[in-house]
Amino acid sequence: MSTAIHLARSGRDVVLLEAEEIGHGGSGRNAGHCTPTFIMLEPGDVKKKYGDPWGERILRLQADAAQLVFSLINRYDMDCEGQQNGYLQVAHTPAMEPTIRARCESYADLGKDVKLLGRDEVAAMTGSDKYFGGWLHPEGGHLNPLGYARGLARAAISEGARLHTRSRVTGIEGQTSGWRVKTAHGSVSADKVVIGTGAYTDDFWPRLKKSFVNLTVACFASEPLSGNVRQQVLPGNHHLVDTRKDPCLYKYNKEGRLVTSVFVESRRGRDGDYTKRLLSERMKWLHPQVGDLDWPYHWFGDLDMQPDTFPRLFELAPGVVASIGYSGRGVPTATAMGPVLADWACGVAAEDLSVPLQKPRTVPQGGWIVPRILLPLYRRHDRKLARRAGLEAPAF
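Computed from a predicted model, the values in this text were never measured in an experiment.

Peer 1: I'd like a rundown of the side chain of T93, residues and numbers included.
Peer 2: Inspection of the secondary structure puts T93 in the loop between β3 (87–90) and α5 (97–109). When neighbours within four sequence positions are excluded, T93 is seen to be in contact with F132, L385, A386 and L391.

Peer 1: Run through the sheet that holds strand β5 (residues 134–137), naming residues and quoting values.
Peer 2: Here we have eight strands laid out as an open sheet, ordered β4-β5-β3-β13-β14-β15-β12-β16, and mixed in their pairing. One side of each edge strand has no neighbouring strand; the edge strands of this open sheet are β4 (115–117) and β16 (297–305). The average angle at which neighbouring strand axes cross in this sheet is 20°, direction not considered. Two strands pair when backbone bridges link them, and strand β14 (residues 249–252) and strand β15 (residues 257–263) are joined in this way by three bridges, in the antiparallel orientation. From the neighbouring strand, Y252 faces β15, where its bridge partner is L258.

Peer 1: Before we move on, can you summarise the packing of helix α2 (residues 43–50) against helix α3 (residues 54–63) with the specific residues and values?
Peer 2: Running from N to C, α2 and α3 point in directions that differ by 140°, and their axes come no closer than 7 Å. With respect to each other, α2 and α3 are oriented oblique. Crossing of α2 against α3: the hand is right-handed. Each of P43, V46, K47 and Y50 in α2 lies in contact with α3, whose residues at this interface are W54, G55, E56, I58 and L59.

Peer 1: Report on the packing of aromatic side chains, specifying residues and quantitative values.
Peer 2: Working definition: an aromatic ring pair is given by the centre-to-centre distance plus the angle between the planes. According to the stated counting rule, one finds five aromatic pairs in the structure shown. Taking the centre distance of 5.7 Å and the plane angle of 40° together, the rings of F38 and F310 count as tilted. Linking F38 in the loop between β2 (33–34) and α2 with F310 in the loop between β16 and β17 (312–317), this pair joins segments that are 272 residues apart in sequence. In this pair, the class of F38 matches that of F310, namely buried. Consider the rings of Y87 and W135, whose centres lie 5.9 Å apart with planes at 85°: the pair is edge-to-face. Pair noted here: Y87 is in strand β3 and W135 is in strand β5, with a separation of 48 residues, a long-range link. Judged by its relative accessible area of 3%, Y87 is buried. One aromatic cluster in this structure is built from F38, Y50 and F310. The residue whose ring lies beneath K192 is W344, and the NZ or CZ to ring-centre distance is 5.1 Å. The side chain of R230 reaches across the aromatic face of Y252, ending 4.2 Å from its centre.

Peer 1: Got a sec to walk through helix α6 (residues 119–126)? Specific residues and values, please.
Peer 2: By the burial criterion, the buried members of α6 are V122, M125 and T126. Axial view of α6: buried residues confined to an arc of 85°, hence all on one face. Exposed and facing more than 90 degrees away from the buried side of α6 are D120 and A124.

Peer 1: Could you give me a rundown of the side chain of N237, with the residues and numbers involved?
Peer 2: Within the secondary structure, N237 is located in the loop between α8 (227–230) and β13 (239–242). Note on N237: relative accessible area 17%, which makes it buried.

Peer 1: Please give an account of the nonpolar core that cites residues and values.
Peer 2: Grouped together as the largest cluster of nonpolar side chains are 59 residues, with contacts concentrated most on F38, I58, I73, M78, Y148 and M337. Elements supplying a minimum of two residues to this core: α1 (2–9), α2, α3, α4 (65–75), α5, α7 (145–158) and α10 (330–345). Ranked by the residues each element gives to this core, the list is headed by α10, at eight residues. Not counting residues up to four positions away in its chain, the partners in contact with Y148 are V69, L72, I73, M78, C80, L143, V331 and T335. If you look at the next biggest cluster of nonpolar residues, it comprises 26 residues, including V122, V229, L240 and V290.

Peer 1: Hey, could you go over unusual backbone geometry for me, with residue numbers and the actual values?
Peer 2: Omega for the bond connecting D52 with P53 falls within 30 degrees of zero, at 0°, which places this linkage in the cis form. The residue P53 is located in the loop between α2 and α3 in this model. Phi at R207 takes a positive value of approximately 65°, unusual for a residue other than glycine. Relative to the assigned elements, R207 resides in the loop between β11 (193–195) and β12 (213–224). Looking at R207, the relative accessible area reads 55%, which means it is exposed. Look at N237: it is not a glycine, yet its phi comes out positive at around 55°.

Peer 1: Could you give an account of the sheet that holds β11, with specific residues and numbers?
Peer 2: The sheet built from four strands is open, its strands ordered β11-β18-β17-β19 with mixed pairing. Edge positions in the sheet fall to β11 and β19 (357–358), since each has one partner strand and no second. Pairing of β17 with strand β18 (residues 320–324) involves five bridges; the strand directions are antiparallel. Within the sheet, the bridge partner assigned to A317 lies in β18 and is V320. Strands β11, β17, β18 and β19 of the sheet are contacted by α10, whose axis makes an angle of about 170° with β18.

So, how was this worked out
- Residues numbered from 1 in each chain as written.
- Predicted model: local features only at pLDDT ≥ 70, side-chain atom pairs only at ≥ 80, totals over all residues.
- Heavy atoms only, no water.
- Helix = DSSP H or I, 4+ residues; strand = E, 2+ residues; numbered from the N terminus.
- Contact = heavy atoms within 4.5 Å.
- Pairing = 2+ DSSP bridges.
- Axes fitted to C-alpha atoms, helices over the stretch in contact; angles between N-to-C directions.
- Parallel < 35°, antiparallel > 145°, perpendicular 65-115°, else oblique.
- Left-handed = near helix turned anticlockwise from the far one by under 90°.
- Phe/Tyr/Trp six-rings, centres within 6.5 Å; stacked < 30°, edge-to-face > 60°.
- Buried < 20%, exposed > 50% of the residue type's maximum accessible area, 1.4 Å probe, protein only.
- Lys NZ or Arg CZ within 6 Å of the ring centre and 35° of its normal.
- Arc of directions from axis to C-beta.
- Core = buried A, V, L, I, M, F, W, Y, C linked by side-chain atoms within 4.5 Å.

What follows is the structure, encoded as structure tokens:
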């Protein structure tokens, strides 16, 4: 939808085909974090991995992503609970303080007005004494993802794009000039085709769904917290992520509910009562002020994961690309890819794009399976760091 907006604004004739409804799946059913940083990669790693000029361009794309999100929200007056109050990352053990410091310095080097925080500052901003410093990226924020998706759709329509829901693509075939995109009820002829199906990719293009690994996320919303508690817990309405490899993250929605999420693995996420008990223990340990929380709402969404957690721009054929593999950064990064894909569709040369065009590749589906292998290893690593620091915490 970001691509459709940017293409339509440049005067192009744009048709968007949505298999279900706008915001279906993980696009509308995520926790609503808008974090303009990388997940597993540090800025220096990005430069080493992608080299010149791509490393610097990708860094800039991601670092500026939240600004683009909130500029679109403001430009089109989207009703999506958008709050650009900052991304707060906190160290869950003293051993993570050097990582936090280095990360803050890296984004400062990119020109961002970030702030390194001491333990007392973090305690005041979070209402918890369980953290050991942190850093604040003021451009980050949070939103209602379904409201944002629908806001993008309205924006695209207002710019002249045509959107068709319940129009699942069944195939894409070449024709004398350009491509024919087929659905069960009709087809579209186009000179350029952009595929943005993410974790919900099916068989319309051979083996594309094998270019990532699916990971399901379960999100939970608490009962509304009282005004008194909210003045103590995240009083600045930031969204918080800690430094665990299997992270703890939470924010408020407009009703004052705490919204958090977990990767689905074994009983966690699948067993609602068990997961709610874990979340209650976690929040009460972090924030005794909240008492015994109830979690009346929960929902699920799927992520399209890449090993290095940064999306791929695949050239599937002349005039057909797929942007896929957002790995939990769909809100900011997919939005930021919209102008890149619009540039490609308008004929900008591959060497001038912000992300390199690559040939499609298959990711082993049985090798680095995150839920079954990596998540238990991550939690073991997190517990090891906590034990070294003499900390006790509930099993997250």
